[in-house]
Amino acid sequence: MAVDKPIFRQFLMTTYRRFFTHTLGLWLLATGLIVAQQPAKKVTTTRTIVKTISAKPGVAHKPDMHIKPGGVQFSNASIEQVFEQARQQSKPIFVEIYSPNCHVCASFIPILSDKKVGTFYNKTFVNARLQLENRPTQVWLEKNKLYIPSLPMFIYFSPEGKISHVGSSNPDVDMVVNLGAVAADPTYQGGNYATRFKNGDRDPNFLIDYGYFTKITRDTTTNIKVMEDYARQQPADFFGSQTS
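Below, the structure is looked at part by part. Note that this is a predicted model, so its numbers are computed, not measured.

Remarks on the packing of helix 6 (residues 115-124) against helix 8 (residues 173-184)
Piece 1. Where helix 6 contacts helix 8, the axes come no closer than 9 Å and their chain directions differ by 15 degrees. As far as their axial angle goes, helix 8 and helix 6 are roughly parallel. Judged by the twist between their axes, the crossing of helix 6 over helix 8 is left-handed. Together, K116, V117, F120, Y121 and T124 of helix 6 and V173, D174, V176, V177, L179, G180, A181 and A184 of helix 8 make up the contact between the two elements.
Piece 2. Taken together, the residues of the contact of helix 6 with helix 8 sort by class into 9 nonpolar, 2 polar and 2 charged.

What follows is the structure, encoded as structure tokens:
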């Protein structure tokens, strides 16, 4: 599948902004929980007493995080079994890191349930979902030296189990499909960034992509080197601008 560069660039430019959106969303969610725990009062009029139902302490509504039939088929096997299955089938792996408490993650449920997304991802990848709060997920992330700055996070691996791409997206069908197409393309995927950088690619947008990739994969040394190259390209007034 050909990579749609304009769409790809659009969701890449939103990557860093989404971290702050996610943080704000969690704050709003927490605020909602506090309000829900406050006992409601009885309202009395001259003729009628209206009783309202108090929310039970510690109970909050959580969205349905299940992917609908026809969408992406996520394996119920352990992550180790998923990687073994992918190796046997010679298929790359797609892993979504999510949380049931994440409002942004919830907005992706219709997207991951979409037939177009499901058809592409089921044909191209062996798919898995990992809940961030679960201890096995934390152990797996630490083992693979992965940093998750925002949710949901999409991580892609080669059939051999080597990380090949990472990405965030807007909850948009075409963007999610295009992200998968980039991840499956050896020319554009993050696994090829080091070679492109070594060969002299210093396009500013590429440096942003590579910087993000090295941030997620905890490659601090390369991250500093890449972003220093990016900073040297910027005019003096750039760093105090809204874009910066």
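Let's talk about the sheet that holds strand 3 (residues 93-98)
Piece 1. With respect to topology, 4 strands assemble into an open sheet ordered 4-3-5-6, the strand pairing being mixed. Looking at strand neighbours, the two that pair on one side only are strand 4 (126-131) and strand 6 (163-167), the edges of this open sheet. Recorded for the sheet is a direction-independent mean angle of 20 degrees between the axes of neighbouring strands.
Piece 2. Taken together, the 4 bridges between strand 5 (residues 153-157) and strand 6 define a ladder with antiparallel strand orientation.

What to know about the packing of aromatic side chains
Piece 1. Applying the stated rule across the entire model yields 20 aromatic pairs.
Piece 2. On the numbers, 6.4 Å between centres and 50 degrees between planes, the contact of F94 with F125 is tilted. Of the two residues, F94 sits in strand 3 while F125 sits in the loop between helix 6 and strand 4, which places them 31 residues apart along the sequence.
Piece 3. Centroid distance W140 to F157: 5.7 Å. Interplanar angle 65 degrees. Geometry classified as edge-to-face.

Regarding unusual backbone geometry
Piece 1. Cis geometry is found at the peptide bond from L151 to P152, where omega equals -5 degrees.
Piece 2. Phi is positive for S90, which is not a glycine, with a value near 55 degrees.
Piece 3. Mapped onto the elements, S90 comes out in the loop between helix 3 (79-89) and strand 3.
Piece 4. When its relative accessible area of 56% is taken as the criterion, S90 is described as exposed.

Digging into the pairing of strand 5
Piece 1. Of all 5 residues making up strand 5, 5 are buried, and the element is well covered by its neighbours.
Piece 2. Alternating positions in strand 5 separate into two faces, M153, I155 and F157 on one and F154 and Y156 on the other, with burial throughout.
Piece 3. Pairing of strand 3 with strand 5, which is carried by 5 bridges, proceeds in the antiparallel orientation. When the bridges of strand 5 are listed, F94 appears paired with Y156.
Piece 4. Counting the residues between successive antiparallel strands, the hairpin from strand 5 to strand 6 contains 5 residues, one of them, G161, with a positive phi of roughly 95 degrees.

Some remarks on the pattern of salt bridges
Piece 1. Summed over the entire model, instances satisfying the criterion amount to 8 salt bridges.
Piece 2. For D64, the salt bridge is made with K68, and the minimal N-O distance between the two is 3.8 Å.
Piece 3. Between D229 and R202 there is a salt bridge; the shortest N-O distance is 2.8 Å. Residue D229 is found in helix 11 (residues 220-233), and its partner R202 is found in the loop between helix 9 (193-198) and helix 10 (204-216); the two are separated by 27 residues along the sequence.
Piece 4. Judged by relative accessible area, which is 30%, R202 ranks as partly exposed.
Piece 5. A single network of salt bridges, built from pairs that share partners, joins R202, D229 and R232.

Reading the values: rules and limits
Residues numbered from 1 in each chain as written. Predicted model: local features only at pLDDT ≥ 70, side-chain atom pairs only at ≥ 80, totals over all residues. Heavy atoms only, no water. Axes fitted to C-alpha atoms, helices over the stretch in contact; angles between N-to-C directions. Helix = DSSP H or I, 4+ residues; strand = E, 2+ residues; numbered from the N terminus. Parallel < 35°, antiparallel > 145°, perpendicular 65-115°, else oblique. Left-handed = near helix turned anticlockwise from the far one by under 90°. Contact = heavy atoms within 4.5 Å. Nonpolar A, V, L, I, M, F, W, Y, C, P; charged D, E, K, R; others polar. Pairing = 2+ DSSP bridges. Phe/Tyr/Trp six-rings, centres within 6.5 Å; stacked < 30°, edge-to-face > 60°. Buried < 20%, exposed > 50% of the residue type's maximum accessible area, 1.4 Å probe, protein only. Salt bridge = Lys/Arg side-chain N within 4 Å of Asp/Glu carboxyl O.

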